[in-house]
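Understanding the architecture of this molecule
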Amino acid sequence: MAREVFIKGLQHKAIESIINHVIEYETPKVVTVHNPSIGLLRRSLQLGVVLYVGLYQLWYAQGYQEFADMESSVTTKVKGYSQSSLGSKRPPIPSAQSMMYERVWDEADYVVPPAENGAFFVTTNVVITPNQTMGHCPEDPGEVPESICTDSNNCMANKHLIKSHGPQTGRCIPTDRPAKYGNITVCEIQSWCPVEDDRLVLGNDTSLITGSENHTVFIKNSIRFSYFGDRFHRNNMPDHVCIYNFTDPDSWMCNIFKLGDIVAAAGGDYLTLSISGGVVAVHIQWICNLDFNFIENCLPKYNFRLLD
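We now turn to the structure provided with this report. (Residues numbered from 1 in each chain as written. Predicted model: local features only at pLDDT ≥ 70, side-chain atom pairs only at ≥ 80, totals over all residues. Heavy atoms only, no water.)

**Some words on the overall build of the protein**
Across its full length, the protein holds 8 helices and 12 strands. A compact globule built from 308 residues should have a C-alpha radius of gyration of about 19 Å, whereas the protein, at 40 Å, is more than 25% larger. In terms of overall dimensions, the protein has a C-alpha envelope of 135 × 65 × 45 Å along the principal axes. Residues counted as buried form 28% of the 308 residues belonging to the protein. Put simply, of all contacts in the protein between residues at least 6 apart along the chain, 62% involve residues at least 24 apart. (Helix = DSSP H or I, 4+ residues; strand = E, 2+ residues; numbered from the N terminus. Rg over C-alpha atoms; globule rule 2.2 N^0.38 Å. Buried < 20%, exposed > 50% of the residue type's maximum accessible area, 1.4 Å probe, protein only. Contact = heavy atoms within 4.5 Å.)

Spelled out as C-alpha cells, the structure:
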C-alpha cells in the first residue's frame, strides 16, 4: 500500500514538472547604468570596430576584391650601329688583320643571339683570335701552367688538363707567344689553333666597340588578366613613337630606352660595363585596380637594377 502511494507521488511530480516547463519562459533582465566613463568606452570600442571594418578592410585594404596573377609576354629589339677603332693605343697587329678590329657593327653583329626569351645581349667588347683552324699547336701556359714542359716525357698523349683547350699530342714544343711568356716550351695540343688569347686588345681601360650607349632597345610587354575575363588585356605601347626620358615624367609611358640611360638608372657606369660586361635587370610592374578604367589606370612602371 505504501509503495503504491509512493509511485503515484512520483508520477504526480513528473507531470507537474513537465507542465511547468511548458508554460514557463525566461527573459534577461536589463540594468541601465548611468556611468559616463563606461558609456564612452563602450561607444568608442563600437566606433573603432566600425571604422576598422569600413575604412581599413573595405576601403584601404580593399578586402572585397580578388587578386590574380597575369599572363605576360616580352619582345625586344635593339637598334643602332657602333664603330670600333684601335685609336692611339694601336697594338702590334698586322695590317691585314686591322679590318677585323676597325669596322662598323650593326644589330646583326653585336646582338648575339638575335633572339632570347625575355632578354637581349649586346656586344660592347670583343676578343678576336684570327685565322683559327683545326690542327696542332702549343697550349697557352698562362691559362694552363701545367702545360709547361722540358721534354716530351712531360707530355702524355690524349691527356686532358683542367682548363686545357684540347688533348695533348705527347710532344713538347716551343711556345708561339715568346713575347708574352719568354722562350719556354709547352705541351702540344690538338685544338683550334692558335688557341684563344683572351687579352683585351685595348687593355682594361677602353672598350673596342664605342657608341653602344646610344643604342636603343624597344621593349614590348603584353599582359592579360584571364581570371577576370578576356577583355582585360593590353600592352605597354604608347600612342606614338617616343624615347623614355628619366628626367621627363611625360615620357614615362614610352617603351624605347637608350642603353646608357638604362645602366645609369640601375646605378652602374656604362664605360666599366662595356669593358668587362655586366647584367642589368629591367622590371616592368603592373598593379591594376579593375574597379577603375582599365586602359587609363592600368599602366606600366619601369625599374632597373644592376645584377652583375
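**Notes on the side chain of His 215**
Looking at where His 215 falls in the secondary structure, it is placed in the loop between strand 7 (209-210) and strand 8 (216-224). For His 215, a relative accessible area of 2% gives the class buried. Only 2.7 Å separates the side chain of His 215 from the side chain of Ser 82, close enough to count as a polar contact. Residues within four places of His 215 in sequence aside, it is in contact with Val 78, Lys 79, Gly 80, Tyr 81, Ser 82, Tyr 110, Val 122, Phe 257, Lys 258 and Leu 259. (Polar contact = N/O pair within 3.5 Å; in protein donor to acceptor, adjacent residues only side chain to side chain.)

**Focus on the packing of aromatic side chains**
Two aromatic rings, taken as a pair, are described by how far apart their centres are and by the angle between their planes. Evaluated as defined, the whole model comprises 6 aromatic pairs. Between Tyr 244 and Tyr 302, the ring centres sit 5.7 Å apart and the planes meet at 85°, which makes this aromatic pair edge-to-face. Residue Tyr 244 is found in the loop between strand 9 (233-235) and strand 10 (256-258), and its partner Tyr 302 is found in strand 12 (residues 300-306); the two are separated by 58 residues along the sequence. An identical accessibility class is assigned to Tyr 244 and Tyr 302; each is buried. Counting every residue linked through ring pairs, the aromatic cluster contains Tyr 244, Phe 246, Phe 257, Tyr 302 and Phe 304. Positioned above the aromatic ring of Trp 105, the side-chain terminus of Arg 103 is 4.0 Å from the ring centre. (Phe/Tyr/Trp six-rings, centres within 6.5 Å; stacked < 30°, edge-to-face > 60°. Lys NZ or Arg CZ within 6 Å of the ring centre and 35° of its normal.)

**Notes on the sheet that holds strand 2 (residues 82-84)**
Pairing is antiparallel across the open sheet formed by 3 strands, whose spatial order is 3-2-7. The open sheet terminates on both sides in strands that have one partner only, identified here as strand 3 (103-105) and strand 7. Relative to strand 3, strand 2 is paired through 3 bridges, and the arrangement is antiparallel. For Ser 82, the partnering residue across the bridge sits in strand 3 and is Trp 105. (Pairing = 2+ DSSP bridges.)

**Looking at unusual backbone geometry**
In this model, Cys 193 is joined to Pro 194 through a cis peptide bond whose omega is -5°. With respect to the helices and strands, Pro 194 occurs in the loop between strand 6 (185-193) and strand 7.

**Observations concerning the nonpolar core**
Among the nonpolar cores identified, the biggest contains 27 residues, and Leu 86, Val 201, Leu 208, Val 217 and Phe 257 are the most heavily contacted of them. Elements with a minimum of two residues in this core: strand 8, helix 6 (259-265), helix 7 (270-276) and strand 12. Top contributing element to this core by residue count: helix 6, with 3 residues. Apart from residues lying up to four places away in sequence, Phe 257 is in contact with His 215, Thr 216, Val 217, Ile 219, Tyr 244, Ile 262, Tyr 302 and Phe 304. (Core = buried A, V, L, I, M, F, W, Y, C linked by side-chain atoms within 4.5 Å.)

**Topic: the state of the cysteines**
Tallying each qualifying case throughout the model produces 5 disulfides. Each disulfide pairs two cysteine sulfurs, and for Cys 149 the partner residue is Cys 172, the sulfurs being separated by 2.0 Å. With the S-S bond torsion at 100°, the cross-link from Cys 149 to Cys 172 turns out right-handed. Placement of the pair is Cys 149 in the loop between strand 4 (133-138) and strand 5 (168-174) and Cys 172 in strand 5, with a sequence separation of 23 residues. (Disulfide = S-S within 2.5 Å.)

**With respect to the pattern of salt bridges**
For the coordinates displayed, the defined rule picks out 4 salt bridges. In this structure, Arg 103 engages Asp 109 in a salt bridge whose closest nitrogen and oxygen atoms are separated by 2.9 Å. On the accessibility criterion, Asp 109 (28% relative accessible area) is partly exposed. Among the ionic pairs, Glu 188 bridges to Arg 171, the shortest N-O distance being 3.4 Å. (Salt bridge = Lys/Arg side-chain N within 4 Å of Asp/Glu carboxyl O.)

**Examining the sheet that holds strand 5**
Each strand in a sheet pairs with its neighbour through backbone hydrogen bonds, running either in the same direction (parallel) or in the opposite one (antiparallel). In space, the 3 strands of this open sheet follow the order 4-6-5, with antiparallel pairing throughout. Only two strands of the sheet have a single partner each, and these edge strands are strand 4 and strand 5. Strand-to-strand twist of the sheet, defined as the mean angle between neighbouring strand axes without regard to direction, takes the value 35°. Pairing geometry for strand 4 and strand 6, over 6 bridges, is antiparallel. Among the inter-strand pairings, His 136 is bridged to a residue of strand 6, identified as Gln 190. (Axes fitted to C-alpha atoms, helices over the stretch in contact; angles between N-to-C directions.)

**Considerations on the pairing of strand 8**
Sheet topology note: the strand 1 (residues 71-79)/strand 8 ladder contains 9 bridges and is antiparallel. Bridged to Ser 73 within strand 8 is Ser 222. In this structure, strand 8 lies alongside strand 10, joined through 3 bridges in antiparallel fashion. Within strand 10, the residue paired with Phe 218 across the bridge is Ile 256. Where strand 8 lies against strand 9, 3 bridges are found, and the strand directions are antiparallel. Looking at strand 9, one finds that Ser 222 is bridged to Asn 235.

Bear in mind that shape data such as this cannot, by itself, settle questions of function.
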